[in-house]
Amino acid sequence: MPSNAFSLPSNPALTALLQPQDGAFLPIDGLRRLCGAGLDQLPLPGHGATLQRWQMLAAIAAIDLSLLKLYESHTDALAILAEIGGPVVPAGSSWGVWCAEMPDARVKLQQTADGRHVLDGRKASCAGAHGLSHALISCWNAKGQACLACVALAQPGVHVTNEGWQAVGMQACASVDVTFSHARAIPVGAPGAYLARPGYWHGAAGIAAAWYGAACAVASHLHARAQHAAPDPVRLAQLGQIDCALRAAGALLREGAAEIDAQPQRDAMEMALRLRLAVEDAATLVLHLATRALGAGPLCRDARFARLAADLPVFLRQSHAERDQAVLGGIVAGAEEHPWAL
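This one's a predicted model, so the numbers in the text were calculated from it and none came from an experiment.

Undergrad: What's the story with helix α6 (residues 199–228) in this structure? I'm lost.
TA: Residues three or four positions apart in an α-helix share a direction because the helix packs 3.6 residues into each turn. A rise of 1.5 Å per residue sets the reference length of α6, with its 30 residues, at 44 Å; its end C-alpha atoms lie 44 Å apart and thus fit the reference within 8%. Counting buried residues along α6, 23 of its 30 residues qualify, which places the element largely inside the surrounding structure.

Here it is in structure tokens:
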């Protein structure tokens, strides 16, 4: 374990690759640079290097959460296609996974008389829609079964709107609504395969690694202040709390990655829920303590810190919070043996 809990592995090449060029940093440009450098070819979950995969997600999250949103979605799409099959990924393509299901925004998958498949309807929260080339989309067939389909976005039947995304945090990922009108698509896997596959919970757990990376980035600002400012007992106490929270979360991430690699076909739901809830709590605590310790200065005068402080609460809401706690509590309550032996 590194002695500094708040520093992710140094990667000067990654930092240089993602430096803004000629203006503001655009997440879609960052994704394209990462893909062009082959850095989207991460180890697949459950293949012996899950921690390495999560470390990369954490490193990107520490740089920019809107970029991470696009990067995680793209790499998740590649993992899904590798697990349940699908079309060959074209060279130079960029992918999203759009599987948010809202009552007023559902997409239907239908088969036409000539055997083609088409999509109709509206999909909400489509991150990166204005710049991606392809997407995997959750949809519903004529039998009411949950399906997954691949769609190329550069076709007349796909309309990317500017609607549906009003958040200040995570604004740059532009998770807008997209409408489909007889858009050609390719079914991916059998109905229900997306949610039934072991990798679904592997991917869900990986999101916690991104939360962790962002929390480490927040904490690093307080760590730097504590190193270079006069000792302040209150600030040091806050830093001590942060250290405990991040060390515990990091240990759970390493344990979870090892568990996935040791038993890749095992249902990872319980582990993923515990991991997500623990890291969410740690990230929430870190943001709370760091902003109290640092005061208004960084929030008002440091653009990177201010953006991170605005982005992280929105990104954390991918958690289902108390609903997931209740599911995990039900699993624990059903355990026949004492669940917390050391």
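Undergrad: Can you help me understand the layout of surface pockets in this one?
TA: With a probe scaled to a water molecule rolled over the atoms, the places where space remains empty come into view. Here the largest pocket is characterised by a volume of approximately 1,300 Å³. If you trace the largest pocket, you find 39 residues lining it, with Lys69, Cys99, Ala100, Gln318 and His320 closest to the centre. For the lining of the largest pocket, the secondary-structure elements that each account for two or more residues are α4 (65–84), β1 (95–98), β4 (134–140), β5 (146–152), α5 (193–196), α6, α8 (269–294) and α10 (303–316).

Undergrad: What am I meant to see in empty space enclosed by the protein here?
TA: Counted by the stated rule, this structure contains two cavities of 30 Å³ or more. For the largest cavity, the calculated volume is near 50 Å³. Elements represented by at least two residues in the lining of the largest cavity include exactly α3 (50–63) and α10. With four residues, the top contributor of residues to the lining of the largest cavity is α10. Considering only residue class, the lining of the largest cavity consists of five nonpolar, no polar and four charged. Of the voids in this model, the second largest cavity is the one considered here, and its volume is about 40 Å³.

Undergrad: Can you help me understand the packing of aromatic side chains in this one?
TA: Each aromatic ring pair is specified by the distance between its two centres and by the angle formed by the two planes. Tallying each qualifying case throughout the model produces two aromatic pairs. Between Tyr194 and Tyr200, the aromatic rings sit 5.6 Å apart at their centres with planes inclined by 85°, giving edge-to-face as the arrangement. Tyr200 sits in the partly exposed class, given a relative accessible area of 26%. Seen in terms of ring centroids, Tyr200 and Trp201 are 5.2 Å apart; in terms of plane orientation they differ by 85°. Their pairing is edge-to-face. By relative accessible area, Trp201 is classed as buried at 19%. An aromatic cluster is present here, built from Tyr194, Tyr200 and Trp201 joined pairwise through their rings.

The rules behind each value
Residues numbered from 1 in each chain as written. Predicted model: local features only at pLDDT ≥ 70, side-chain atom pairs only at ≥ 80, totals over all residues. Heavy atoms only, no water. Helix = DSSP H or I, 4+ residues; strand = E, 2+ residues; numbered from the N terminus. Expected span 1.5 Å × (residues − 1). Buried < 20%, exposed > 50% of the residue type's maximum accessible area, 1.4 Å probe, protein only. 1 Å grid on protein atoms, 1.4 Å probe; cavity = no way out; pocket = protein on both sides within 12 Å on 5 of 7 lines; lining within 4 Å. Points joined across faces, edges and corners; volume = space filled by probe spheres on them. Nonpolar A, V, L, I, M, F, W, Y, C, P; charged D, E, K, R; others polar. Phe/Tyr/Trp six-rings, centres within 6.5 Å; stacked < 30°, edge-to-face > 60°.

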